[in-house]
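These are the residues of each chain, in order.
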Amino acid sequence: MSGQRTGREPVAVVGIGQTKHAAARRDVSLAGLVREAALRALDDAQLSWADVDAVVLGKAPDFFEGVMMPELYLADALGAAGKPVLRVHTAGSVGGSTALVAADLVAARVQRTVLAVAFEKQSESNAMWGLSLPVPFQQPLLAGAGGFFAPHVRAYIRRSGAPGGVGALVAYKDRRNALRNPWAHLHEHGITLEQVRSSPMLWDPVRYSETCPSSDGACAVVLTDRAGAARAPHPPAWVHGGAMRSEPTLFAGKDFVSPRAGRDCAAEVYRQAGITDPRREIDVAELYVPFSWYEPMWLENLGFAAEGEGWKLTASGATEPGGELPVNPSGGVLSTNPIGASGLIRFAEAALQVRGTAGEHQVDGARTALGHAYGGGAQFFSMWVVGRRPPTT
Amino acid sequence: MPEILTAPLTVSFPFTRSLGPVQSAFLTGLRERTVLGVRTTDGRVLVPPVEYDPVTAGEIRDLAEVAPTGTVTTWAWNPAPRDKQPLRTPFAWVLVRLDGADTALLHVLDAPGPHAVRTGMRVRIRWAPERTGAITDIGCFEPYEDEPGEDETAAGKAGAGEDRAREAGHRPAAPHDGVFDAPVTGIVTPARLDYTYTPGRAMSRHLAALAEHRITGERCPSCRKVHVPPRGVCPTCGVPTTEQTEVGPHGTVTTFCVVNIKAKGAGIDVPYVYAHIALDGADLALHARIGGIPYDEVRMGMRVAPVWTGDARHPDHFRPTGEPDAAYDTYKELL
Ligand SMILES: [Zn+2]
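Please read all numbers here as calculations on a predicted model, not as lab measurements.

**Q** I tried to follow the pattern of salt bridges on my own but got confused; where do I start?
**A** If the charged atoms of two oppositely charged side chains come close together, the side chains can form a pair. Residue and element names in this part refer to chain A. Here the structure, examined in full by the defined rule, presents 47 salt bridges over all chains. Close ionic contact of D27 with R25 constitutes a salt bridge, the shortest N to O distance being 2.9 Å. For D27, a relative accessible area of 49% gives the class partly exposed. In this structure, the salt-bridge partner of R175 is E188, at a minimum N-O distance of 3.3 Å. One end of the pair, R175, is in helix α6 (residues 166-178); the other, E188, is in the loop between α6 and α7 (193-197), and 13 residues separate them in sequence. When its relative accessible area of 3% is taken as the criterion, R175 is described as buried.

Here it is in C-alpha cells:
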C-alpha cells in the first residue's frame, strides 16, 4: 500500500460491535439498542467510556422513528456528556459516512479515539411511509423503495444482456451466508434456490426473496490513532482509504445503473489505498445490496468487472464464500437491514475480515477488504478500504 | 408570471416506542399513581428517570419513589393553549422538582393567572382520572399548601413556605423495585407536523401548463438539456433555467416495473406498471403509471401518450399510442 495521504494520522479500527438484528427489538429502547452495539465495540477494544474522546452518530431520516435530533436524546447512552457529539445524515449510506467522519477526526488529529455508532429501529415507524410523504402538487409514486429501484434493475438486465436468474443466485448466496453470521436478522435454514426463484414477484423483476428485510439494529466501531492501536488487545484493521461522493437524485444524464458518484468514489478510495486492480488486490467486499441484482451492478460500478460483465462474475461463483472475490459473506443487506446502520455494518464486516475475527463467515487470509454503502436515489456513496497491515507513510 | 402556489402539507404518524426497563417502570408507575426516579452513581435522584448515568455513562437501575408534591423551579405563562396541549384553559408551563428528586420535571400548572404563579411555590400532582401508563397520567400540577409543619414557630416568618419546601425536598426518595402487575412495555406517540408548502416559481410554471394539459420543461442555457419537471436550475451546471419549452405529449417507455403489492392508501389496483417515460424533447425520464394495455404487454421502447381524467392536474396515466416501438439506441441514455 502506498502512502497517498501523507501527513494524516493512520487510523485503526480496534473495536467492533453490533446488536442481534431482528424485525422488532421490543425489549430495548432506542437508547438501549445503540448502547448494546457500543458496549460490544468498547469491550472488543477493552476500553471504557472515559477512553472515548468524541461520538459520531448516524441514522437515516428522522421520520423513520420520529425522534428529531436523536443524537441529543442518545448522548447519555453513548457516554457523550462533556464530549463532542456529531450527527451524520446521508440517507442509506449514512452508516459508511459516519465511520468516515469519525476516521477523519482521528486522521486530522482532532481526536485520538472516536466512537462511531449507527442505528435504525424500523419497527417504531414505517420506512415506506417515511419515504413517500404526500407532497402537494406532486403525483404520489406509491411504489416504495422496491418500486423505485426495480426499473433500474430492468435497465441493467437490458443493458448487460444478463440472463434472468442471476438475481436469485445472489439472494440464495447471501441468505445462506447469513446462516454463518449470528447477528444477522434472517436465518432461513434450509433455504433452496428454487424457493428464491418461486417467491412472490413484488416489483417485477424483483422477487420477495431478492428484497432486503426491515430490521431493528445498531452497529458501532471504535477508531483510534497509532498509539491507541499499539495498546489494543486484538489486531486492528487499518484504514487505507475512505471517500464519499454525491450527485443529484435526478438530472439529465444520470445513470441509475452505474451512477457516476459511485464510480468516482471508488476511484478515489482506490487511489488513496494504492489499488490499481481491485479484483486482484481486494480479497473480500461488503457491498450495500438491498435488492439482489445490485451485486452485479455494483461489481461493474466499483471496477471489479467491465461494464456489462458483472453478472458473469456473480454467475461464475466468484462472489461465493470460497470464490475469488467473496461478496457479503456476512449475509449483507439482503439478510439484515436496519437502514441507518446497514452502511456501518458493511464497513465493520470489512474490518472484521482483515482482523481475522469474522468467525464462521471469515474469508481465509483476507488482507484487504472494501466496505461500501449507498443511499437516497442512488445519490450518496461512501466507501472504505481496510487492511491487515498499517498504511506505509 | 403565474401565481405562486401554496398548499398545506400535513405529516403525521403514530410512532411506536419500545420503552426499555426504566421508562417501562416510570410510565407503569404513573398509571399506579407512583412517581419513580432513578438514583445516579453520585447519589442524585433523576425524575424523570434515564437508563444511563449522565456523568459516568454507567447503566443505572436503582429506582426510587418520590413524592407527588414539589416546588416550581421556573415557569412560563401560556395565555393561549393550542390543540392537544394538556389543558384547555390558560396555564403555566412549569419545571417541578418533586420532593425527593434532584432534577425538575416539565409539566403544566393549572392556575388562575400568572399572578398566581411564582418560582418556589408549592405544587402537587392532579392525577388524570383515566390512566394508561403515559406522562399524561399526570393531568397537571395544582397549587398546594403544605400542612402546618412540625416547626410551628417558623410558620409566621417570611419565607416559611420556602423553608418547608426545602425540608420537604430533603425527604429522601424511597427505594422501589419498579415491579408492577401488567407493566407497560410500549407506547404509541402520534406526531403531527403542519407545513405550508410552496413548489416555487419553476414548478408553479410547470403546474400552470399542466392545468392546460401541456407538459413543459426548462432548457439549461449552458448544457442545453431540457429538465422535466423543472427545478428552476440545472442540477449539472448550477445555473438558473428560464427558457420554458413544451415537451411530448408523446414519449417512450425507457424502463419499468410491475407493481404487485398494494401501497397503503393508494387507490390503484395491482398489478400495475410503474414506468420511466422519456417525453419527446426531454433529456430525462419522468415517472408515471401505464394504462390502457395489459400489464404484461408493456415493454421497453413502447410509445405512449398522457391521459388526463376529470379535472386532475397530472395525467392519470400514459396509454400506448400504437406507434412502432422506439429503437433501444434512441433512448438508452434516458433509462
Ligand atoms: Zn446545464
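Alright, that's what it looks like, and here's the rest.
**Q** Would you mind going over the sheet that holds strand β14 (residues 243-247) of chain B with me for this structure?
**A** Within a sheet, each strand pairs with its neighbour through backbone hydrogen bonds, oriented either parallel or antiparallel. Residue and element names in this part refer to chain B. A sheet is described by the order of its strands in space; here three strands give the open sequence β13-β12-β14, paired in antiparallel fashion. Each having just a single partner strand, β13 (226-227) and β14 make up the two edges of the open sheet. Lying on the sheet, helix α3 (residues 200-211) is in contact with β12 (215-219) and β14; it crosses β12 at an angle near 150 degrees.

**Q** Explain empty space enclosed by the protein here, please?
**A** A complete count under the given rule lists three cavities of 30 Å³ or more for this structure. Considering only enclosed or pocket space, the second largest cavity measures out at about 120 Å³ in volume. Classifying every residue of the lining of the second largest cavity by side-chain character gives eight nonpolar, three polar and three charged.

**Q** I keep staring at the coordination of the zinc ion and nothing clicks. Help me out?
**A** Perfect tetrahedral coordination of a metal by four donors corresponds to 109.5 degrees between them, and perfect octahedral coordination by six donors corresponds to 90 or 180 degrees. Residue and element names in this part refer to chain B. The protein atoms donating to the zinc ion are C220 (SG), C223 (SG), C234 (SG) and C237 (SG), with metal-donor distances spanning 2.3 Å. Every donor residue of the zinc ion comes from the same chain, spaced as C-x2-C-x10-C-x2-C. Pair noted here: C220 is in the loop between β12 and β13 and C237 is in the loop between β13 and β14, with a separation of 17 residues, a long-range link. With a relative accessible area of 0%, C220 lands in the buried category. Residue classification places C237 among the partly exposed residues on the basis of a relative accessible area of 31%.

**Q** Could you clarify how one ought to interpret the packing of aromatic side chains in this entry?
**A** The geometry of an aromatic ring pair comes down to the distance between the two centres and the angle between the two planes. Residue and element names in this part refer to chain A. One pass over the full model with this rule turns up 20 aromatic pairs over all chains. Between F149 and F291, the ring centres sit 6.0 Å apart and the planes meet at 40 degrees, which makes this aromatic pair tilted. Within this pair, whereas F149 is found in helix α5 (residues 144-160), its partner F291 is found in the loop between β9 (284-286) and α11 (294-301), the two being separated by 142 residues in sequence. F291 matches F149 in its accessibility class, with the two residues each being buried. An aromatic cluster is present here, built from F148, F149, W203, F256, Y288, F291, Y294, W298, Y374 and F381 joined pairwise through their rings.

**Q** I keep staring at the packing of α5(A) against α11(A) and nothing clicks. Help me out?
**A** Between two packed helices, both the angle of their axes relative to each other and the distance between the axes serve to describe the pair. All names here are of chain A. For the pair α5 and α11, the least separation of the axes is 10 Å and the interaxial angle reads 65 degrees. Classified by the angle their axes make, α5 and α11 are roughly perpendicular. Where α5 crosses over α11, the two elements pack in a sense that is left-handed. Contacts between α5 and α11 involve F149, H152, V153 and Y156 on the former and, on the latter, Y294, P296, M297 and E300. Grouping the amino acids of the contact of α5 with α11 by side-chain chemistry returns six nonpolar, one polar and one charged.

**Q** Help me out: how do you make sense of the layout of surface pockets in this one?
**A** Leftover empty space is mapped by rolling, across the atoms, a probe with the size of a water molecule. In this model, the second largest pocket occupies a volume close to 1700 Å³. B:I135, B:T136, B:I187, B:V188 and B:T189 are the residues nearest the centre of the second largest pocket, which is lined by 42 residues in total. Counting only elements with at least two residues in the lining of the second largest pocket, the list comes to α1 (30-45) of chain A together with β1 (7-18), α1 (20-31), β7 (105-109), β9 (138-143) and β11 (186-197) of chain B. With eight residues, the single largest contributor to the lining of the second largest pocket is β11(B). Among the residues making up the lining of the second largest pocket, the classes are represented as 25 nonpolar, nine polar and eight charged.

Reading the values: rules and limits
Residues numbered from 1 in each chain as written. Chains lettered and ligands numbered in written order. Predicted model: local features only at pLDDT ≥ 70, side-chain atom pairs only at ≥ 80, totals over all residues. Heavy atoms only, no water. Salt bridge = Lys/Arg side-chain N within 4 Å of Asp/Glu carboxyl O. Buried < 20%, exposed > 50% of the residue type's maximum accessible area, 1.4 Å probe, protein only. Helix = DSSP H or I, 4+ residues; strand = E, 2+ residues; numbered from the N terminus. Pairing = 2+ DSSP bridges. Contact = heavy atoms within 4.5 Å. Axes fitted to C-alpha atoms, helices over the stretch in contact; angles between N-to-C directions. 1 Å grid on protein atoms, 1.4 Å probe; cavity = no way out; pocket = protein on both sides within 12 Å on 5 of 7 lines; lining within 4 Å. Points joined across faces, edges and corners; volume = space filled by probe spheres on them. Nonpolar A, V, L, I, M, F, W, Y, C, P; charged D, E, K, R; others polar. Donors = N, O, S within 2.8 Å, 3.2 Å for Na, K, Ca; no water. Phe/Tyr/Trp six-rings, centres within 6.5 Å; stacked < 30°, edge-to-face > 60°. Parallel < 35°, antiparallel > 145°, perpendicular 65-115°, else oblique. Left-handed = near helix turned anticlockwise from the far one by under 90°.

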